[in-house]
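Listed below are the residues making up each chain.
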Amino acid sequence: MNESVSRPTAADAAELLARVRARRPRVHCLMNSVVQKFTADGITAVGAIPSMTSSLDEIADFVARADVLTVNLGTLDAERRHVIRIAVDMANAGGKPWILDPVHCDYSPGRLAFARDLIALGPTVVRGNRAEMALIGEVRASLAIETGPVDHLSDGSVQVTVENGHVWMAGVTGTGCLSGGVIAAFLAVEGNALKAAAAALATTGVAAELAAPEARGPGSFGIAFLDTLASLSADDLLKHARIRHATA
Ligand SMILES: Nc1ncnc2c1ncn2[C@@H]1O[C@H](COP(=O)(O)OP(=O)(O)OP(=O)(O)O)[C@@H](O)[C@H]1O
Ligand SMILES: Cc1ncsc1CCO
Ligand SMILES: [Mg+2]
């Protein structure tokens, strides 16, 4: 195994954040209607460029111009499913990375079945919370990420944890959706998905830790988190990122 490629470090996180800011990748998001603004703000704060349309008329044009696609299953309906299939087919045909967030697949067998159909189409990353990933199970040929107090990443052979973050992240709706958008931004500039995703989650996690002392509760935390994401330095990541390897 080439360790420098498959074992992400805090230095990689700092380098990849600089790369996102320099290249400004376009991230197209098929995002639930609850947290479109927060997610777009998070993507912008790390230096990438979000677009959010889910219109059937326009999806092909937007995916064609995007560097990466985020597919989030929150607030799903029949039209959104149709648009998602078109967007995923286009991303695959164009060789573009895409990430699936199977939001609330634990609430609905139909949504779980749809998530499984999409996983068969080969997302670069599947990210969900503990309950969602417990149902999704093993994800072959993709990087699986379970977020929570500690984030667990597995590409099938290498396991990594990112131990950054703050408990208030669980008190703000959409930090998981936002992390999916930020992971997408990093996937656009780094072909090694494990390295890209670990860097992205260290970035959001360290930003949350540094923001929390500035906040009075979840409302002001959300704002401080975006402020800190936008101003996060390489030094912040080098000092505070806790990326660990747990390969069997
Ligand atoms: N208790 C915690 N301590 C530290 N970080 C946390 C904690 N809970 C969640 N996080 C972080 O918050 C982000 C969202 O993770 P979570 O697993 O809560 O996603 P989610 O349930 O999909 O969120 P949402 O549906 O609101 O978007 C991740 O970056 C994760 O690392
Ligand atoms: C609250 C909520 N409902 C559907 S999507 C979403 C955002 C967090 O997953
Ligand atoms: Mg979620």
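The structure we're discussing is the one just above.
The structure displayed is predicted, hence computed values, not measured ones. (Residues numbered from 1 in each chain as written. Chains lettered and ligands numbered in written order. Predicted model: local features only at pLDDT ≥ 70, side-chain atom pairs only at ≥ 80, totals over all residues. Heavy atoms only, no water.)

Caption draft 1: Focus on the overall build of the chain. Helix and strand counts for the chain stand at eleven helices and nine strands. Here the C-alpha atoms of the chain give a radius of gyration of 16 Å, agreeing with the 18 Å that 2.2 N^0.38 yields for 248 residues. In the chain, buried positions account for 54% of the 248 residues. Carbon and sulfur atoms make up 52% of the accessible area of the chain, which amounts to about 10500 Å² in all. (Helix = DSSP H or I, 4+ residues; strand = E, 2+ residues; numbered from the N terminus. Rg over C-alpha atoms; globule rule 2.2 N^0.38 Å. Buried < 20%, exposed > 50% of the residue type's maximum accessible area, 1.4 Å probe, protein only. Areas by Shrake-Rupley, 256 points an atom, 1.4 Å probe, with all protein chains shown as cover.)

Caption draft 2: Structural view of the sheet that holds strand β8 (residues 159–162). Spatially, the nine strands line up as an open sheet ordered β2-β1-β3-β4-β5-β6-β7-β8-β9, and their pairing is mixed. Looking along the sheet, the strands with just one partner apiece sit at the ends: β2 (49–51) and β9 (243–245). For this sheet the average axis-to-axis angle between neighbouring strands, irrespective of direction, equals 20°. Pairing geometry for β8 and β9, over three bridges, is antiparallel. Across the sheet, the residue bridging to V160 is H245, located in β9. Together, β3 (68–72), β4 (98–101) and β5 (125–128) form the strand contacts of helix α6 (residues 109–119), whose direction differs from that of β4 by roughly 165°. (Pairing = 2+ DSSP bridges. Axes fitted to C-alpha atoms, helices over the stretch in contact; angles between N-to-C directions. Contact = heavy atoms within 4.5 Å.)

Caption draft 3: Spatial organisation of the packing of aromatic side chains. Counting across every chain of the model gives three aromatic pairs. The interplanar angle of 65° and the centroid separation of 6.0 Å between the aromatic rings of W168 and F221 together place this pair among those described as edge-to-face. Linking W168 in the loop between β8 and α8 (175–187) with F221 in helix α10 (residues 218–231), this pair joins segments that are 53 residues apart in sequence. According to the relative accessible area criterion, W168 is partly exposed, its value standing at 27%. Assessed through its relative accessible area of 0%, F221 is described here as buried. Look at F221 and F225: their rings are 5.8 Å apart centre to centre, the planes differ by 15°, and that puts the pair in the stacked class. One end of the pair is F221 and the other is F225, both in helix α10 and four residues apart, which spans about a single turn. Note on accessibility: F221 and F225 belong to one class, buried. (Phe/Tyr/Trp six-rings, centres within 6.5 Å; stacked < 30°, edge-to-face > 60°.)

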